[in-house]
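Residue strings, one per chain:
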Amino acid sequence: MLRQNLEELRGKALQAVRDARDAAALETIRVGFLGKKGELTAILKRMGSLSPDERPSVGAFANDVRAAVESALESASGRIAEKELERRLAEETVDVTLPGNPFRAGRRHPMQTVLDDVTKIFLGMGFSVAEGPEVETTYYCFDALNHSPDHPARDPQDTFYFDDETILRTQTSSVQIRVMEKEKPPIRIISPGRTYRKDEIDATHSAHFHQIEGLAVDKGITMADLKGALHTMMTGLYGSGVKLRFRPHHFPYTEPSAEVDLQCFACQGKGCRMCKDEGWIEMLGSGMVHPAVLERCGVDPDVYSGFAFGVGIERLTLMRYKINDMRLLYENDVRFLRQF
Amino acid sequence: MKCSYNWLKEYIPLDGVTPKELARALTMSGSKVESVTELGADIQNVVIGRVTAIGKHPDADRLFVCSVDTGDGTPKQIVTGANNVFAGAVVPVALDGALLPGGKKIKTGRMRGLESQGMLCSGDELGLDGHDQPGADADGILILDDTFTPGADAAEALMLRDTVLEFEITNNRPDCLSVIGIAREAAATLAAAGQDAGTVIGRPFSSGNGAGAQSGISGYLTVTVEDETLCPRYSARVVTDVVPGPSPLWMRRRLRACGVRPLGNIVDITNYVMLELGQPMHAFDHACLRDGRLVVRTARPGETLETLDGRARSLEPSMLVIADARDATAVAGVMGGAESEITEKTKTIVFESASFNGPSVRRTALSLAMRTDASSRFEKGLDPTATLPALERACQLVLELGSGEPVPGVIDVCAPLAPPVSVPFETARIERYLGVGIPNAGELLESLGFVIRDGSALVPSWRSDVSVWQDLAEEAARLHGYDKIPATLPPSKNQGWLTEAQALRARLNELCVSLGFFEMLTYSFIGPADFDAARFPADSPLRRAKTLRNPLGEEHSVMRTSLLPSLLEALSRNVAARNPDVRLYELGMVYTDEGEQLPRETRRLVLGGYGDDTDYFTLKGAVETLIGRFCRKRADFVRASGPAFHPGRCAEVMIRGRSAGLIGELHPTLLRGLPSGAAACELDAELLLELSQPDAKFVPMPRFPAVTRDIALICPAGTQAADVRGTIEKNGGHLLEECALFDVYEGKNLPDGARSLAYRLIFRAEDRTLTDGEAESAIQKILRKLHDGLGVTIRS
C-alpha cells in the first residue's frame, strides 16, 4: 500500500518537475514533495504502521524515490537556470552600432612623428643626435660655414638679427661646427631643430621652420655615401618606391654640392600641378663638407672627408601626409592635430 | 635668368636637341631650368598680306572692305574697321582658323552682310608694343615695311617664334648669367653625353679698330679711377656719328625673349652685350660729360643724382659713382644718370665696360633700393678680363647696325690683374672623394675651359668660384652625372644612441600624449602684446626678453620667455574655431636673456585646455600622474598666485621640495570666449629631467591582509587638505600604507565654514597579520595630532 503510494508520488513528482517552467515552480515542487510538510514526509510518517519485515525495504524504496525526485529537481533546475540566463542575455541585447564611449588619447604633432622616424633611421645608421642653440652667433652660422663677409644670406632682409653678431640661426648647419670643434672624427650626427628665415608666412613658407642637419666625417667618406644615407632616409620615410635625383647646386659650405629632388608621388615624374609640372619636388640641400669648413674646425681635410645635408622637416611632413598648407602645422587647431 | 634658345643656337649646334631635352640636360649638370616657354606658339595661321584694293563698306559708314593678297593666289576679302589701311599696305592677316595671343580664334564670318575671310591685325592683337615693333602701338592695323613678303607666316617673319629657358643660376656662377655662359655649359654637358656641340670658349669679337693705340680716343675722353679697390678696371670706347633709331628686329626679339625691353639701338646694344657676354655696359652721351672727362670716385657728402628712372637719389660717401669733371653722372654698376642719357639728339657716345667691386655694388644697390640687371651681375663678382671683349662686341654691333662710327682705340684703366689660378688636379683623388670612377675627368674639365697640365688645372678667368681640388671634383662629377655616382652606406662601427636627456624627453612626450594631450608647435618669437595678454606685470622678469632688431612684425619680435602666451594663442585659435574640447601641450624652448651674447635656452613643458570636464582638478590629476610616473615622486601643490591664473585656483607645483612651476585655472579676463574651467600648467622641463626616475623600483605584493578604516574629519575653516593629509601620513607610522581622500562635505550639521573630509586609511604590516588594536592605536595617535595641530576633530 505504502509502496504503491510512494510509486504514485514518484510518478507525480517527476511529471511535475518535467512540467516546471521556472525556478519558483521547482521550489514549489520541492517543498510540496520533499518539504517538512511535503507529501513524501507525510508518507514516511506512516512508516510506523508497517511491519518490521516490510520497513527496511519500503524505507529503502522511499529513499530511492527521494533521490530520484531530488536528482530530477537538480537537473531541471540546471536546465531552467540556463534557459533563464539565455532569456536575460537576450533581454540585454544592445544596438552594437551605437558609438563607443569617448576615450581621450592625445597625439604627437605630425612633424614630430616624422622627426622621430627620421631620427630612428639615422640611429640605425650609427648617427647620434646633437643639439645646438637657436640664437646663434654669426660666426657659427656664417663665418665658420665659409660664407664670405658679403654673402647675401647674411642680409637683414633674409636673416633675423639681435645685434651685428647675434642672429636666429638660418640653418642647423651651425651645429656641425659646434660638434666638430668638440669632437674628433669619426663623427656621425644628425641635428634636428628650429631655424629661422625672414620669409613672409604663406602656404609654402614660414619664417620659422625645422631642419634636420646631418654630418658624417671620417676617413674615406665619399659622395656615394651621402647618396646612400639620403636614399636610406627617404626610403624609410616614403617606402621603397621612392626615386631620388641628385642635382648639382651651390652651397658655400659643401663642395661638391647637391640638391636632392624626390620624384613626385602624384604623377610619378610626368609633371602635374603638385610638382609645378617638373615631375620632381625639391627636398633638401647636401654635399661634401667644404675643406675650408673642416680646416676651420681643426679637422685635416687631407686625412678626413665628410658629407652634410640639411632637410626641412616641414616639407617632409607636407609630402608624407599630403598637407597642402604649411601654416596648418603651426595653427594647432585640434581638428588638424586629431588627424595624425 | 632667361635665355633665348635661338640665341644659344648661334653658339652651339643644337640640331636634334629639343629645348626640353636641353633643359633637362642642363638641369642635371648644374644649370637648373625653372621653366621652358615657347614664344609665338599662341600665334597660328597669321600670314603677311598686302592690301591690293580698299573700298567703303556699302552698308556701314565705319567699315572698309579690303582685297588682300596673302600669297596663295586667291585674294581674300576682309572687312576692317581700322582707318589706317591703304592700298599697298603690308599687314599681318589672321586667316580663317587663326589663333591669336590670349586664345582668341578668328573665323570667316559676315560683317554687315559682307563676308570677311579673316582679320587684319593690330600690333596689340599680336602681343606687340611700340618697343617690340615700331608702329605697333599706333591706333589701327600694324603696317609693315615692304621687306615682308605676302604669304609668309607672320610669326616667323616677325621673328616671334623662339623658346625661352629660364634658369636658376646659383650665386657662385655669375658667368652663367649670359648666353655665352649657358652655351659653354651646354656644350660641355652635351659633349659629356657624347654629342658634338662644337666649341664656344674663346670666340673672338672684333670691331677692327679697338686694339691698342689711344690715338683717336684720347681726343675725346680721359678716364680717372680714384678708387682702384672699388673699380679694378674701367674700359671705355667712343662712338661718333651716332644714328639714333630702333635696333633691328632680331635684336629686339632677343632682348624681349630675355626679358629686356628694347629702347633704341645704342641702349639695346649695351643690353645685348650684357645678355650675351654677361658684362654689364653703359652708354653716356658724350656731349653731357663736362671736359670729356670721366672720374670714377666715391660720392661726395650730400651729392645727389637723378637716375635713368627719373628719381632723385641721395648718394652716400660709401657709394661709387661715375662723374664727369664736376658731378656724378652714374651710380657705378647700378644705374646711369638721367643727364647723360642717350637721346635722339645724341651724336657721340662713350661705352663703359668696367669691373666693379661686387659687395660694394650690392650694398649701394640695396641702400638705394634699386637692384638692376647690372648690379645683380656685378654683385657676384665678374671676370675683369671681360671688359675689353665686351667693348669690341659692342662696337662690332654698332658697325653691323650702322649705328655710328667707333673711334679708334680704347681707354683701359686697369689695376694689376691677378694671375690665373692653378689648382692641383689628380683624377684618382677625385674618384676616391666621389666614390665613382671618372677616368675622363681631365677631358671634362677641359671642355669647360680648364687647362690641364702637369697635375694641375688652370682655372679659366670667368670661373672665380674654383679654387680647391674639391671644386674640380664637383665640375667633373656634375658633367659625368651625379646620377652615375652609386649609393653606398658609410661604414659604421657604432650603433647610434640617444643621450639620456633625449631619451627622457621622448618619454615625457609619450606621457603627455598618453594623458590625452595633443602636441602643439608654436612660434618661438612672440610679441610684447602677448605679455600683456598673459597679464605679465610691467616689471615681470619674463618681459626681459631678447628682442629682434629686424622682426617680421611687432607680433613676432621677442623671443619667448614663457610658453603660456603660446598656449593662450593656440587656445584662442581653437576657441575661435569653436572646437569644443581641447587639450594641448608643448615641450618647447624658452630664451632667457642673462646679459650674455646668447640667451640661455631651456625647455619648459606647458599643458592646458578647456571644455569637457576640464578644470583645475582634472589638469592637476594629469600633472600628478605625469610627475608620478616621470619622477616617481608625488608632487605637492602649494597655494600660489600667478598673473595669468585665477587668484583662488592656482598652485605651485613642488617636486622634492623644489618649485617646478605653476598650475591653475586661467584668469577669466585672458581670453574672450574661453570656457570657465580652462586651465594651464607650465613646468620647468629641465627640472623634470633632473628629477626624473626612469626605472621603477619593484615592491613585492603584500603577503598579509590589511586593516582598512574610514574616518570623517571636521576641519575648521581654512584648513588645507594637504595639511590634513600631511599630518595623517607623518603620524601614521610605517604601518600606514595608504591614505586616500574619498569625500568632501560642506553644509548642514557642520560649524560655519568647516568642511568634512573623509579618508580611507589602509594599515598593513609587512611580516604579519595586523591586529585591530594596532590599527586603532595608530588612528588614535593620528586623531590626537590632527586635533592638537589643526583643530581637526572626528565626525561622529
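Criteria and thresholds
- Residues numbered from 1 in each chain as written.
- Chains lettered and ligands numbered in written order.
- Predicted model: local features only at pLDDT ≥ 70, side-chain atom pairs only at ≥ 80, totals over all residues.
- Heavy atoms only, no water.
- Helix = DSSP H or I, 4+ residues; strand = E, 2+ residues; numbered from the N terminus.
- Rg over C-alpha atoms; globule rule 2.2 N^0.38 Å.
- Contact = heavy atoms within 4.5 Å.
- Areas by Shrake-Rupley, 256 points an atom, 1.4 Å probe, with all protein chains shown as cover.
- Lys, Arg positive; Asp, Glu negative; His and termini not counted.
- Charge placed at Lys NZ, Arg CZ, Asp CG, Glu CD.
- Buried < 20%, exposed > 50% of the residue type's maximum accessible area, 1.4 Å probe, protein only.
- Domains from an automatic or database assignment.
- Buried area = accessible area lost by both parts, 1.4 Å probe.
- Salt bridge = Lys/Arg side-chain N within 4 Å of Asp/Glu carboxyl O.
- Polar contact = N/O pair within 3.5 Å; in protein donor to acceptor, adjacent residues only side chain to side chain.
- Nonpolar A, V, L, I, M, F, W, Y, C, P; charged D, E, K, R; others polar.
- Pairing = 2+ DSSP bridges.
- Axes fitted to C-alpha atoms, helices over the stretch in contact; angles between N-to-C directions.
- Phe/Tyr/Trp six-rings, centres within 6.5 Å; stacked < 30°, edge-to-face > 60°.
- Lys NZ or Arg CZ within 6 Å of the ring centre and 35° of its normal.
- Parallel < 35°, antiparallel > 145°, perpendicular 65-115°, else oblique.
- Left-handed = near helix turned anticlockwise from the far one by under 90°.
- Arc of directions from axis to C-beta.
- pLDDT = per-residue confidence, 0-100.

**Things to note about the overall build of chain B**
Thought 1: Helix and strand content of chain B: 19 helices and 39 strands.
Thought 2: On C-alpha atoms alone, chain B measures out to a radius of gyration of 42 Å, which is more than a quarter above the 28 Å that the 2.2 N^0.38 rule sets for 796 residues.
Thought 3: Principal axes of the C-alpha set define a box for chain B whose edges measure 125 × 85 × 60 Å.
Thought 4: Taking the intrachain contacts of chain B between residues at least 6 apart in sequence as the baseline, contacts between residues at least 24 apart amount to 69%.
Thought 5: As displayed, chain B has an accessible area near 35300 Å², and 50% of this comes from carbon and sulfur atoms.
Thought 6: Here chain B holds 85 positive side-chain charges and 104 negative ones, and the gap between their average locations is 6 Å.

**Topic: the overall build of chain A**
Thought 1: Helix and strand counts for chain A stand at 12 helices and 10 strands.
Thought 2: Here chain A has a C-alpha radius of gyration of 43 Å; the compact-globule value for 340 residues is 20 Å, and the former is much larger.
Thought 3: Summarising its shape, the C-alpha atoms of chain A cover approximately 130 × 45 × 45 Å along the three principal directions.
Thought 4: Counting every position in chain A, which comprises 340 residues, the buried fraction comes to 54%.
Thought 5: Here chain A has roughly 15700 Å² of accessible surface; of this, 50% comes from carbon and sulfur atoms.

**Looking at the domain arrangement of chain A**
Thought 1: Taken domain by domain, chain A comprises domain 1 (2–91) and domain 2 (110–337).
Thought 2: Each of domain 1 of chain A and domain 2 of chain A has a C-alpha centre, and the two are 89 Å apart.

**What to know about the environment of E181 of chain A**
Residues and elements named next belong to chain A.
Thought 1: As for its position among the elements, E181 is in helix α7 (residues 173–182).
Thought 2: Each C-alpha atom of the pair E181 and G32 lies 100 Å from the other, and the pair is 149 residues apart in sequence.
Thought 3: Beyond its immediate chain neighbours, meaning those up to four positions away, E181 contacts Y139, Y140 and C297.

**What to know about the interface of chain A and chain B**
Thought 1: Of the residues lining the interface, 86 residues belong to chain A; the matching set on chain B comes to 84 residues.
Thought 2: The three residues of chain A that bury the most area against chain B are R104, F162 and P248 of chain A, which together make up 10% of that side's buried surface.
Thought 3: At the junction of chain A with chain B, the criterion picks out 14 salt bridges.
Thought 4: At the junction of chain A with chain B, the criterion picks out 52 residue pairs in polar contact (both at pLDDT 80 or more).
Thought 5: Residue composition of the side of chain A that touches chain B, by class: 34 nonpolar, 23 polar and 29 charged.

**What about the sheet that holds strand β11 (residues 162–168) of chain B?**
All names here are of chain B.
Thought 1: The strand order across the open sheet built from three strands is β1-β11-β2, with neighbouring strands paired in antiparallel fashion. Looking at strand neighbours, the two that pair on one side only are β1 (2–4) and β2 (32–39), the edges of this open sheet. When the angles between neighbouring strand axes are averaged without regard to direction, this sheet yields 25°.
Thought 2: Strand direction decides the pairing type here: β1 and β11, joined by three bridges, are antiparallel. Within β11, the residue paired with S4 across the bridge is V164.

**Section: the sheet that holds strand β15 (residues 293–298) of chain B**
Residue and element names in this part refer to chain B.
Thought 1: Pairing within the open sheet is mixed, and its five strands lie in the order β12-β15-β18-β19-β20. Looking at the sheet topology across the chains shown, the edges are occupied by β12 (222–225) and β20 (335–336).
Thought 2: Here β12 pairs with β15 via four bridges, running parallel. In the strand pairing of β15, V223 is matched with L294.

**A few points about the pattern of salt bridges**
Thought 1: This model, assessed by the stated rule, comprises 69 salt bridges over all chains.
Thought 2: R154 of chain A is the partner of D143 of chain A in a salt bridge, and the nearest nitrogen-oxygen pair spans 2.4 Å. Linking D143 of chain A in the loop between α6 (138–141) and β3 (161–163) with R154 of chain A in the loop between α6 and β3, this pair joins segments that are 11 residues apart in sequence.
Thought 3: According to the relative accessible area criterion, D143 of chain A is partly exposed, its value standing at 25%.
Thought 4: For R154 of chain A, a relative accessible area of 13% gives the class buried.
Thought 5: Counted as one network, the salt bridges with shared partners bring together R173, D175, E185, R463, D465, E475 and R478 of chain B.

**Focus on the packing of aromatic side chains**
Thought 1: By the definition in use, this model includes 17 aromatic pairs over all chains.
Thought 2: Between F356 of chain B and F378 of chain B the ring centres are 5.1 Å apart and the planes differ by 70°, which places this aromatic pair in the edge-to-face class. Taken as a pair, F356 of chain B in the loop between β21 (349–355) and α7 (358–367) and F378 of chain B in helix α8 (residues 373–378) lie far apart in primary sequence, 22 residues in all.
Thought 3: On the basis of relative accessibility, which here comes to 4%, the residue F356 of chain B falls in the buried class.
Thought 4: A residue is classified by how much of its surface remains accessible, and F378 of chain B, at 2% relative accessible area, is buried.
Thought 5: An aromatic cluster of at least three residues, connected via ring pairs, comprises F160, Y196 and Y330 of chain A together with Y523 and F525 of chain B.
Thought 6: Seen from the ring of F162 of chain A, K546 of chain B lies directly overhead, with NZ or CZ sitting 5.8 Å from the centre.

**Regarding the domain arrangement of chain B**
A common measure of how large an interface is: the accessible area buried when the components associate.
Thought 1: Once the domains are mapped, chain B shows domain 1 (2–40 + 163–192), domain 2 (44–160), domain 3 (217–414), domain 4 (422–484), domain 5 (500–690) and domain 6 (707–794).
Thought 2: The C-alpha-based centres of domain 2 of chain B and domain 6 of chain B are spaced at 105 Å.

**Here's the deal with the pairing of strand β13 (residues 233–240) of chain B**
Residues and elements named next belong to chain B.
Thought 1: Within β13, eight of the eight residues are buried, which leaves the element mostly enclosed by the surrounding structure.
Thought 2: Here β13 shows no split at all, with R233, S235, R237 and V239 on one side and Y234, A236, V238 and T240 on the other all buried.
Thought 3: Two strands pair when backbone bridges link them, and β13 and strand β23 (residues 411–414) are joined in this way by four bridges, in the antiparallel orientation. Across the sheet, residue A236 finds its bridge partner in β23, namely I411.
Thought 4: Summarising the sheet, β13 and strand β22 (residues 405–406) pair through two bridges and their orientation is antiparallel.

**Considering the pairing of strand β34 (residues 658–666) of chain B**
Residues and elements named next belong to chain B.
Thought 1: Across seven bridges, the pairing between strand β33 (residues 645–655) and β34 is antiparallel. Counted as the bridge partner of M654 is S659 from β34.
Thought 2: Count of turn residues in the β33/β34 antiparallel hairpin: two residues, of which R656 carries a positive phi of about 45°.
Thought 3: Here β34 runs beside strand β35 (residues 679–684); their pairing, made up of five bridges, is antiparallel. Bridging across to β35, I663 finds its partner in C681.

**Focus: the packing of helix α5 (residues 110–124) of chain A against helix α8 (residues 223–238) of chain A**
Residue and element names in this part refer to chain A.
Thought 1: In the contact formed by α5 and α8, the axes pass within 10 Å of each other and the chain directions differ by 135°. Between α5 and α8, the angle falls in the class oblique. The two elements α5 and α8 meet at a crossing, and its hand is right-handed. Side by side, α5 and α8 meet where V114, D117, V118, I121 and F122 of the first sit next to A229, T232, M233, G236 and L237 of the second.
Thought 2: Among the residues making up the contact of α5 with α8, the classes are represented as seven nonpolar, two polar and one charged.

**Brief notes about helix α10 (residues 427–434) of chain B**
Thought 1: Burial in α10 of chain B covers these residues: I430, Y433 and L434 of chain B. Buried residues along α10 of chain B cover an arc of 90° about the axis, so they all sit on one side.
Thought 2: For α10 of chain B, the secondary structure elements touched by its buried residues are α8, β8 (254–263), β9 (280–289) and β10 (305–312) of chain A together with α12 (469–480) of chain B.
Thought 3: G435 of chain B sits one or two positions beyond α10 of chain B and adopts a positive phi of about 80°.

**Remarks on the side chain of E255 of chain A**
Thought 1: Its place among the elements puts E255 of chain A in strand β8.
Thought 2: For the buried E255 of chain A, no salt bridge is present, and the opposite-charge side chain at shortest range is R463 of chain B, 7.0 Å distant.
Thought 3: Non-local contacts of E255 of chain A, meaning those with residues more than four positions away in its chain, are made with M288 and H290 of chain A together with Y433, Q470, D471 and E474 of chain B.

**Details of the confidence of the model for chain B**
Thought 1: Predicted confidence across chain B gives a mean pLDDT of 93, with 99% of residues reaching 70 or more.
Thought 2: On the interface metric, ipTM, the complex scores 0.87, and its pTM is 0.86.

**A short note on unusual backbone geometry**
Thought 1: Going from P185 of chain A to P186 of chain A, the amide bond is cis rather than trans, its omega being 0°.
Thought 2: Within the secondary structure layout, P186 of chain A lies in the loop between α7 and β5 (187–196).
Thought 3: Of the consecutive residues E255 of chain A and P256 of chain A, the connecting peptide bond is found in the cis state with omega at -10°.
Thought 4: The residue P256 of chain A is located in strand β8 in this model.
Thought 5: Unusually for a residue other than glycine, N749 of chain B sits at a positive phi of about 65°.
Thought 6: Following the sequence through the fold, N749 of chain B ends up in the loop between β37 (736–746) and β38 (755–763).

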